[in-house]
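Chain residues, written in single-letter form:
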Amino acid sequence: MTRPEGRLSLTRMAAPLAVWALHFVVVYSLQGLACARGLGRTPVAGLEAMTWALWALTLLALLGIAWSGRAAWRARQAVAPTRPPGDRRQFLPLLTALVALVAAIGVVFTALPVALLPTCA
């Protein structure tokens, strides 16, 4: 049996931000390719295929961040009754959950142009 505090590390704490950064790079790279080379410009169900791809990538990023935040929150809940407030084993999961929230806001902010503008606007 693994201890809940052993499952969280600084790497796991930074994972939501890595997902956000990866989403940012991939979305804007694909959008640039779509505009420069006409990739995914065929309409599918009222939107361009590239728009659907960008939405799918955004959904995947949000699901990954939500999973990370949920795992951190559950780890915090597991150690909360046994540790005093301010203990490292409570702080890291809480910080990871808050980082996941900030990363989710960043992904939504990055996806706003996809939602509000045509692909090559």
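Details of the structure are given in the entry above.
This is a predicted model, so every value here is computed, not measured. (Residues numbered from 1 in each chain as written. Predicted model: local features only at pLDDT ≥ 70, side-chain atom pairs only at ≥ 80, totals over all residues. Heavy atoms only, no water.)

**Thoughts on helix 2 (residues 10-37)**
In an α-helix, one turn spans 3.6 residues, which is why side chains three or four residues apart end up on the same side. As a reminder of what qualifies: To qualify as a helix, a DSSP run of H or I must reach at least 4 residues; to qualify as a strand, a run of E must reach at least 2; elements of each kind are numbered from the N terminus. Here a helix's expected span is defined as the number of its residues, less one, multiplied by 1.5 Å. Think of it this way: the bend at a residue is just the angle between two axes, each fitted to seven residues, one set ending at that residue and the other starting at it. Think of it in three bands: with a 1.4 Å probe and only protein chains considered, a residue is buried below 20% of the maximum accessible area for its type, exposed above 50%, and partly exposed in between.
Under the 1.5 Å per step criterion, the end-to-end length of helix 2 is 40 Å for 28 residues, consistent within 8% with the ideal 40 Å. The largest bend along helix 2 measures about 35° and falls at Pro16. Of all the residues in helix 2, the buried ones are Met13, Pro16, His23, Val27 and Ala34. Positive backbone phi, approximately 75°, marks Gly38, located one or two places after helix 2.

**Section: the packing of aromatic side chains**
Put simply, the rule reads: Put simply, two rings from Phe, Tyr or Trp (the six-membered ring, in Trp's case) pair if the centres are within 6.5 Å, and we call them stacked under 30 degrees between planes, edge-to-face over 60, tilted for the rest.
Applying the stated criterion across every chain, the model contains 1 aromatic pair. For the pair Phe24 and Tyr28, a centre-to-centre distance of 4.9 Å together with 45° between the ring planes defines the contact as tilted. Linking Phe24 with Tyr28, this pair stays in helix 2, spanning 4 residues, or about one helical turn. Residue classification places Phe24 among the partly exposed positions, given a relative accessible area of 42%.

**Looking at the environment of Trp55**
To be explicit about the condition: Any two residues whose heavy atoms approach within 4.5 Å at even a single point are treated as in contact.
Relative to the assigned elements, Trp55 resides in helix 3 (residues 49-79). We classify Trp55 as partly exposed; its relative accessible area is 34%. For the pair formed by Trp55 and Ala115, sequence separation is 60 residues and the distance between their alpha carbons is 8.4 Å. Apart from residues no more than four positions distant in its own chain, Trp55 is found in contact with Val114 and Ala115.

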